[in-house]
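Listed below, chain by chain, are the residues.
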Amino acid sequence: MRVPRFLRSASLRTRVAIASAAAASAVVAVFTILTSVVLANNDAAQLDRRLDSIIDASMYPDQLEDPHRGVLTTGRSKSTGQVVFQRGLQLPPLPLGTATVEVNGVGYRVRTITVDQQGGLLMSVGIRADSVLLNRARIPLYTAVGVATVLIAGGLGWLLAGPAIRPLRRLTEHTKRLGKNTERMPEVRGVREAEDLSEAMTEMLSRLAAAQQATTNSLQAAQDFAANAAHELRTPLTAMRADLDTLRIHDLPAEERAEVVQDLSRAQRRVEAIITALGQLASGQLAQAEDRELIDVTDMLDRVARENMRAGGVEIVVEAADDLGAIWGWPGGLRLAVDNLVRNAVTHAHATQIVLTARRQEHTMTIVVDDNGRGLPEDEHRTVLGRFSRGSNAAPGGSGLGLALVAQQAVLHGGRIELSNGPLGGLRATLTLSTSPEPPADSD
Amino acid sequence: MVDDDPDVRTSVARGLRHSGFDVRVAATGKEALRLLSNESHDALVLDVQMPELDGVAVVTALRALGNDIPICVLSARDTVNDRIAGLEAGADDYLTKPFDLGELVARLHALLRRASHSDQPSDTMTVGPLTIDTARRLVFVDGERVDLTKREFDLLAVLAENAGVVLSRQRLLELVWGYDFDVDTNVADVFISYLRRKLERDGLPRVIHTVRGIGYVLRDEP
């Protein structure tokens, strides 16, 4: 589910940015308030200093000698530079304007102006200029404030970053718990990166689970198959063992002996047929897409008909147009499928007449095998397609795998096999195949 | 002789015929039950795995009808575990396919001999919480009746008659099944496990003890 980008959760970058902005704002706010207070106090202190100076100057001129207080005034003749008058300590000669000078080790801020008295005077007025703020003594204090600010900013950042990365932490916890009691990844919300990561992990987990399930299934199928195969082989072997024991224990007359031997060789052929069919099933299961070839269907049907008629007793007609064309597939497998259908009709249904029809539709090729045999009860039309299942009227000696092989080949060729009552009185087998040149998706 | 596979049916029946048995064959469980209800038979060889009515169902049906015919079931699976389908339902013995025909013949003879004469004394035996009424073929544990199949009862009765005496597997096979020949089977152990399961239900103490390497003994104290 994709929501519009602006509606999705904020990214981790945004969250961290917001958290650090919040931390910085808090620090700046505190610092601004502190600075305002300090500056206001400083302003008041400066004003007090000025008031002191004014009071000193106007009320206690006698205290002007105290270099730590008071206002220094020095007047000099403009033309000669001679000191004309002086109050308090003498200020050095200065140009017009403002300057900071040191007198007796104390800094004074001095303004020098021109006064039109006594033929022009340069009058310098100075007041103490030792600063309230810019004071060496305050350096440790400022340093302490700076360090405290850094610590506060760091602490705030730590606190605010916690919630910012909480989804990541939750994701970590979920991941740790994974496999202990749950295979599911709970959804993590709040941070886009964490959500993406969580989604990716969930997808990966489900892919892994699917792969594991597929392995389990195929293992289970292999086990069932092996058990079935063992059971199927055991049955003819039981008959063979009984026959061998009969021959061994009893001295049979030649005629009965021949009968037992005949049964023995039939059971032996059955074991062989089962093993062959098992091999074919396994190779069908392992069919590779690159082994596919173009198969001329009409040609293949002709060959199946010719070879099955050789034994005699059955007439096989092929009804397929010469221009039917070819389809992509596994030639051996498809041949085996059609061959099995024809042989079933001869062996189990005792058919004397078989018609093979092939027709091409838009995306499929249909091969129909009709026979005039004794047919199959309708309720067995589906069940006989399973592995090791035989029709109720099947001739003895079958492997029980013939139709299962046909069904397997049908699926391999992107189609299916269906049995129904046929128009010739026997069974109709309809084999549908895909004509697509692309190999069908794995449907097993 | 009941088996759904025509090859097995033909070959085993032929072998039994040549060994002196008069054999009727049936391809399905239903057919077997019909044959057994129409005429009297002495023993039954029965395939366990059959479509529709399988061997276990046939045994269950026969025993429910009170038919005591000796039954040997044929199992296609080589089950190493102690649960062989059919025995629990009341069959007497089992063989795993493929089996030796001579083995089947010998066991059938023994089972038939055993069936013809029940030589157990008619009285009541008591071992610990167990009461065995051989006349009515009933078993009680602490006064509560326990349902046993015929072969389970015979095994318990033999153990009770020899209470306190250790009986080897070979001896048990001889006394209970009549197998007085060398026989490769764990059928005695299988039936011992069935008996224990039934007698030790509800957490009752063990009365059938295993004497390792020798056999089994029925006694009250451990």
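In what follows, the accompanying structure is described. (Residues numbered from 1 in each chain as written. Chains lettered and ligands numbered in written order. Predicted model: local features only at pLDDT ≥ 70, side-chain atom pairs only at ≥ 80, totals over all residues.)

Points about the overall build of chain B
- Counting its regular elements, chain B contains seven helices and 10 strands.
- For chain B, buried positions account for 37% of its 222 residues. (Helix = DSSP H or I, 4+ residues; strand = E, 2+ residues; numbered from the N terminus. Buried ≥ 20, exposed ≤ 12 C-beta atoms within 10 Å, placed from the backbone.)

Regarding the overall build of chain A
- Summing up its helical and strand segments, chain A has seven helices and 12 strands in all.
- Sorting the 444 residues of chain A into buried and exposed places 25% on the buried side.
- Long-range contacts, defined here as pairs at least 24 residues apart, represent 58% of the contacts in chain A between residues at least 6 apart. (Contact = placed C-beta atoms within 7 Å.)

Considerations on helix 6 (residues 331-347) of chain A
- Counted at 1.5 Å a residue, the expected span for helix 6 of chain A with its 17 residues is 24 Å, and the 24 Å between its end C-alpha atoms agrees.
- Those residues of helix 6 of chain A not exposed but buried are G333(A), L334(A), L336(A), A337(A), V338(A), N340(A), L341(A), V342(A), N344(A), A345(A) and V346(A). (Expected span 1.5 Å × (residues − 1).)

Re the nonpolar core
- Counting 61 residues, the largest nonpolar core has V45(B), L46(B), C72(B), V73(B), L156(B) and L172(B) as its most contacted members.
- With seven residues, helix 7 (residues 187-199) of chain B is the single largest residue contributor to this core.
- Ignoring sequence-local partners within four residues, the contact set of C72(B) consists of V45(B), D92(B), D93(B), Y94(B), L95(B), L104(B), R107(B), L108(B) and L111(B).
- Core analysis: the second largest hydrophobic core is formed by 45 residues, W330(A), V406(A), A429(A) and L433(A) among them. (Core = buried A, V, L, I, M, F, W, Y, C linked by C-beta atoms within 7 Å.)

Overview of unusual backbone geometry
- Residue P98(B) is reached from K97(B) by a cis peptide bond, and omega for that bond is -10 degrees.
- The topology assignment puts P98(B) in the loop between strand 3 (93-96) and helix 4 (101-116).
- Its identity is not glycine, yet H350(A) carries a phi of approximately 55 degrees, on the positive side.
- Relative to the helices and strands, H350(A) resides in the loop between helix 6 and strand 9 (353-360).
- Under the C-beta neighbour-count criterion, H350(A) is labelled partly exposed, with 16 such atoms within 10 Å.

Some words on the sheet that holds strand 2 (residues 83-87) of chain A
Residue and element names in this part refer to chain A.
- Pairing in this open sheet of five strands is antiparallel, and the strands run 2-1-5-4-3 from one edge to the other. For this open sheet the edge positions go to strand 2 and strand 3 (97-103), each flanked by a neighbour on one side alone. Strand-to-strand, the axes of this sheet are offset by a mean angle of 20 degrees, without reference to chain direction.
- As paired strands, strand 4 (residues 106-115) and strand 5 (residues 121-128) are joined by eight bridges and run antiparallel to one another. Bridge pairing in strand 5 links I113 to M123. (Pairing = 2+ DSSP bridges. Axes fitted to C-alpha atoms, helices over the stretch in contact; angles between N-to-C directions.)

Things to note about the interface of chain A and chain B
- On the side of chain B, 17 residues touch chain A, which itself brings 18 residues to the contact.
- Elements represented by at least two residues in the side of chain A that touches chain B include exactly helix 3 (192-249) and helix 4 (254-285) of chain A.
- The dominant element in the side of chain A that touches chain B, judged by the number of residues it contributes, is helix 3 of chain A, at 13 residues.
- Across the side of chain A that touches chain B, the residue classes tally to eight nonpolar, five polar and five charged. (Nonpolar A, V, L, I, M, F, W, Y, C, P; charged D, E, K, R; others polar.)

A few points about the sheet that holds strand 2 (residues 71-75) of chain B
Residues and elements named next belong to chain B.
- Pairing in this open sheet of three strands is parallel, and the strands run 1-2-3 from one edge to the other. Each edge of the open sheet carries a strand with a single partner, namely strand 1 (44-47) and strand 3. Strand-to-strand twist in this sheet, taken as the mean axis angle between neighbours without regard to direction, amounts to 25 degrees.
- In this structure, strand 2 lies alongside strand 3, joined through four bridges in parallel fashion. By the bridge assignment for strand 3, S75 is matched with T96.
- Across the sheet, helix 3 (residues 55-64) is in contact with strand 1 and strand 2; its angle to strand 1 comes to roughly 140 degrees.

A short note on the packing of helix 5 (residues 150-161) of chain B against helix 6 (residues 169-177) of chain B
All names here are of chain B.
- Running from amino to carboxyl end, helix 5 crosses helix 6 at an angle of 120 degrees, the nearest separation of the two axes being 9 Å. What the angle tells us is that helix 5 and helix 6 run oblique. Helix 5 and helix 6 meet at a crossing whose hand is right-handed. Judged by residue contacts, D154, L155 and V158 of helix 5 engage L172, L175 and V176 from helix 6.
- Residue classes in the contact of helix 5 with helix 6 are distributed as five nonpolar, no polar and one charged. (Parallel < 35°, antiparallel > 145°, perpendicular 65-115°, else oblique. Left-handed = near helix turned anticlockwise from the far one by under 90°.)

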